[in-house]
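Examining the three-dimensional arrangement
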Amino acid sequence: SDISLGVLKWKSRRGLLENDLILQKFFQKHQFSLTSKDKSGLELLLGLNDNDLLDLFLKRSELTESLNTPMVRDVLEKLRSL
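First things first, this report covers the structure right here in the doc. Since the model is a prediction, treat every value here as computed from it, not as a measurement. (Residues numbered from 1 in each chain as written. Predicted model: local features only at pLDDT ≥ 70, side-chain atom pairs only at ≥ 80, totals over all residues. Heavy atoms only, no water.)

**Structural notes on the overall build of the protein**
Helix and strand counts for the protein come out as 5 helices and 0 strands. In the protein, the succession of helices and strands from N to C terminus is α-α-α-α-α. Relative to the 2.2 N^0.38 estimate, which gives 12 Å for 82 residues, the radius of gyration of the protein is 11 Å and therefore close to what a compact globule would have. On the principal axes, the C-alpha backbone points of the protein span a range of 30 × 25 × 20 Å. Taken across its 82 residues, the protein has 39% of its residues classed as buried. Long-range pairs, those at least 24 residues apart, make up 61% of the contacts in the protein with a sequence separation of at least 6. A total accessible area of about 5100 Å² is found for the protein, and carbon and sulfur atoms account for 51% of it. Seen as two clouds, the 13 positive and the 12 negative side-chain charges of the protein have centres 6 Å apart. (Helix = DSSP H or I, 4+ residues; strand = E, 2+ residues; numbered from the N terminus. Rg over C-alpha atoms; globule rule 2.2 N^0.38 Å. Buried < 20%, exposed > 50% of the residue type's maximum accessible area, 1.4 Å probe, protein only. Contact = heavy atoms within 4.5 Å. Areas by Shrake-Rupley, 256 points an atom, 1.4 Å probe, with all protein chains shown as cover. Lys, Arg positive; Asp, Glu negative; His and termini not counted. Charge placed at Lys NZ, Arg CZ, Asp CG, Glu CD.)

**Side note on the nonpolar core**
Within the largest apolar cluster, 21 residues are counted, with the highest numbers of intra-cluster contacts made by Phe 26, Leu 42, Leu 45, Phe 57, Leu 63 and Leu 79. Those elements that provide at least two residues to this core are helix H2 (17–30), helix H3 (36–45), helix H4 (50–57) and helix H5 (70–80). Excluding residues within four positions of it along the chain, Phe 57 makes contact with Asn 19, Ile 22, Leu 23, Leu 76, Leu 79 and Arg 80. (Core = buried A, V, L, I, M, F, W, Y, C linked by side-chain atoms within 4.5 Å.)

**Examining the environment of Arg 73**
Mapped onto the secondary structure, Arg 73 falls in helix H5. For Arg 73, a relative accessible area of 39% corresponds to the partly exposed category. Between the alpha carbons of Arg 73 and Leu 63 there is a distance of 8.0 Å; along the sequence they are 10 residues apart.

Written out as structure tokens, the structure reads:
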């Protein structure tokens, strides 16, 4: 089932300010154009801890095998291009 935008925004409130800022900007730009695949990919990314998430956002690391799927890559690309 399609995860709601509200739930995603709630899960996006992170301990690291940098992540919060990136995710806020992401929602400002993309919240009305997110597909259900984008939302699922974002939900998977949000399962990571803050430091791993920030490393991905800043291209200091790449997706692990289990997360390296088209829907996660697509949403990560959007997050990285802000």
